[in-house]
Amino acid sequence: MGCDGGTIPKRHELVKGPKKVEKVDKNAELAAKWKYCALSQEKLKRPIVACELGRLYNKDAIIEYLLDKSAERPNTEVVAHIRSLKDVKELNLTDNPAWEGERRNIKGDCYEDMHLAMFICPVVGLEMSGKHKFFFLQTCGCVFSERALREVKTVICHKCGDPFQEEDLVVLNGTKEEVETLQKAMEERRSKAKIAKKSKKSKDTKVSKTQDSTAESCKSPQNPSESKSASENGEGSSGSSSDSAPGPSTSGESLKTVKATAGPFTGSKRSIQDMKDKSEAFKSLFTSHSSAKRTKDQTSNWVTHTPYHF
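This one's a predicted model, so the numbers in the text were calculated from it and none came from an experiment. (Residues numbered from 1 in each chain as written. Predicted model: local features only at pLDDT ≥ 70, side-chain atom pairs only at ≥ 80, totals over all residues. Heavy atoms only, no water.)

## Quick notes on the overall build of the protein chain
Stage number 1. Per the secondary structure count, the protein chain includes eight helices and eight strands.
Stage number 2. Within the span of the protein chain, comprising 310 residues, buried residues form 22% of the whole.
Stage number 3. Carbon and sulfur atoms form 54% of the exposed surface of the protein chain, whose accessible area is close to 24400 Å². (Helix = DSSP H or I, 4+ residues; strand = E, 2+ residues; numbered from the N terminus. Buried < 20%, exposed > 50% of the residue type's maximum accessible area, 1.4 Å probe, protein only. Areas by Shrake-Rupley, 256 points an atom, 1.4 Å probe, with all protein chains shown as cover.)

## Points about the sheet that holds strand 1 (residues 48-51)
Whenever strands of a sheet pair, they do so through backbone hydrogen bonds, lying parallel or antiparallel.
Stage number 1. The three strands lie next to each other as 2-1-3, forming an open sheet whose pairing is antiparallel. Of all the strands in the sheet, the pair left with one neighbour each is strand 2 (56-58) and strand 3 (88-90). When the angles between neighbouring strand axes are averaged without regard to direction, this sheet yields 40°.
Stage number 2. Note: strand 1 against strand 3, three bridges, orientation antiparallel. Bridge pairing links V49 to E90 in strand 3.
Stage number 3. Along the sheet, helix 3 (residues 59-67) contacts strand 1, strand 2 and strand 3; its crossing angle with strand 2, the most-contacted strand, is approximately 75°. (Pairing = 2+ DSSP bridges. Axes fitted to C-alpha atoms, helices over the stretch in contact; angles between N-to-C directions. Contact = heavy atoms within 4.5 Å.)

## Let's talk about the pattern of salt bridges
Stage number 1. This model, assessed by the stated rule, comprises seven salt bridges.
Stage number 2. Notably, a salt bridge pairs R46 with D95, separated by 2.5 Å at the nearest N-O pair. Of this pair, R46 sits in the loop between helix 2 (26-34) and strand 1 while D95 sits in strand 4 (residues 94-95), placing them 49 residues apart in sequence.
Stage number 3. Here K133 ties to E178 by a salt bridge, and the two come within 2.5 Å at their closest N and O atoms. (Salt bridge = Lys/Arg side-chain N within 4 Å of Asp/Glu carboxyl O.)

## What to know about a nonpolar patch on the surface
Stage number 1. A grouping of I63, L67 and L85 is seen on the molecular surface, where their side chains present a nonpolar patch of about 290 Å² in accessible area.
Stage number 2. Note that L85 resides in the loop between helix 3 and strand 3. (Patch = residues over 30% accessible without salt bridge, like charges linked within 9 Å, V, L, I, M, F, W, Y side chains within 5 Å.)

## Digging into the side chain of S145
Stage number 1. Among the structural elements, S145 can be located in strand 7 (residues 143-145).
Stage number 2. Setting aside residues no more than four positions away along its own chain, S145 makes contact with C121, V124, L126, K133 and F134.

## A closer look at the pairing of strand 1
Stage number 1. Burial along strand 1 is two-sided: I48 and A50 and V49 and C51, pointing in opposite directions, are all buried.
Stage number 2. Pairing analysis gives three bridges linking strand 1 to strand 2, with the strands arranged antiparallel. Bridge pairing links V49 to Y57 in strand 2.
Stage number 3. Where strand 1 folds back on strand 2, the antiparallel hairpin that results is connected by four residues, among which G54 adopts a positive phi of roughly 90°.

## Considering unusual backbone geometry
Stage number 1. Of note, the bond from R46 into P47 is cis; its omega dihedral lies within 30 degrees of zero at 0°.
Stage number 2. In this structure, P47 sits in the loop between helix 2 and strand 1.
Stage number 3. Phi angles above zero are rare outside glycine, and Q41 is one such case at about 60°.
Stage number 4. Here Q41 shows up in the loop between helix 2 and strand 1.
Stage number 5. Among the residues examined, Q41 registers a relative accessible area of 42% and is labelled partly exposed.

## Points about the side chain of E178
Stage number 1. With respect to the element layout, E178 can be found in helix 5 (residues 176-219).
Stage number 2. When sequence neighbours within four positions are dropped, the list of residues in contact with E178 reads K133 and V171.

## Notes on the pairing of strand 6 (residues 134-137)
A regular strand places its side chains on the two faces of the sheet in alternate fashion.
Stage number 1. Residues F134 and F136 of strand 6 are buried on one face, and the alternating residues F135 and L137, pointing to the opposite face, are buried as well.
Stage number 2. Hairpin connection from strand 6 to strand 7: five residues lie between these consecutive antiparallel strands, with G141 at a positive phi of about 90°.
Stage number 3. As paired strands, strand 6 and strand 8 (residues 169-171) are joined by three bridges and run antiparallel to one another. Each bridged residue has a counterpart across the sheet, and for L137 the counterpart in strand 8 is L169.

## Looking at the sheet that holds strand 8
Stage number 1. Strand order in this open sheet of three strands is 7-6-8, and the pairing throughout is antiparallel. With partners counted over all chains shown, the strands left at the sheet margins are strand 7 and strand 8, one partner each. Mean inter-strand twist for the sheet, computed between neighbouring axes without regard to direction, equals 35°.
Stage number 2. The sheet contact formed by strand 6 and strand 7 spans three bridges and is antiparallel.

## So, the environment of A28
Stage number 1. Relative to the assigned elements, A28 resides in helix 2.
Stage number 2. Given a relative accessible area of 44%, A28 falls into the partly exposed group.

## What to know about the nonpolar core
Stage number 1. Among the nonpolar cores identified, the biggest contains 33 residues, and Y57 and L172 are the most heavily contacted of them.
Stage number 2. Among the secondary structure elements, those contributing two or more residues to this core are strand 1, strand 2, helix 3 and strand 6.
Stage number 3. When residues of this core are assigned to their parent elements, the largest contribution, four residues, is made by strand 1.
Stage number 4. Counting nine residues, the second largest nonpolar core, distinct from the first, contains C140, C142, C157 and F164. (Core = buried A, V, L, I, M, F, W, Y, C linked by side-chain atoms within 4.5 Å.)

The values are spatial; any link to function lies outside them.
Here it is, written out as structure tokens:
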């Protein structure tokens, strides 16, 4: 049974109590959210995009996921709400001048501060490491801290100058409650977009139907009363013409005259001198113009190019 050789067991070795819940390191959790892609779990590198729920991704990972959704990947439930690249926004981030990246510690013999952030707020200068709240604008993609938006209240972006509203602000890596509110707002926005699209389609179909009806009405024949009156007038005119002149009809003569006078260049050829109404620039295009004719000095001998005979 043990306890031989004079060993004295303690109470916690004999009595098993409830297991202690393992606490997650806060620094490691923040680093996983703010320094690594939520889909591929790789280090964030430009271009960086954010979804409507405030999660950070590498743009390459999102494109690969959209091209082949059937492939087995970890954390696919994180991007289930992303349907296309229109559902993400590329972020306009400000680099941290104090962060030198991995170039400084290539050999591994230098101290590397793991808590140092890659990006900062362009207004206040706070590091985007998770210790402070950060927002991004859906209109332009610029990223600011909550302190900057609270202290400098404006409706124009501090970085690019584009106008925005409070509805365009999205929290980056927010809490569960904030993510739920963002998801509700996203669903409402998408439902409104669907309704607007359906109404636009119905309007387009109505417009096309009205255009078709107008076209058909234009192509339809005249009223029967108008056609009868036109036929009666035609019979009366034909009878009068037959009584007056039995010779050829005037319509045939008019057609002959039209054919005879059709086009200025039919019949005989016309020279440049006959075109008095044309300009000199137009006349100079032809060889019969005086500028195209050569003088005796310009003409060459039949043996050599330059004339040597006198």
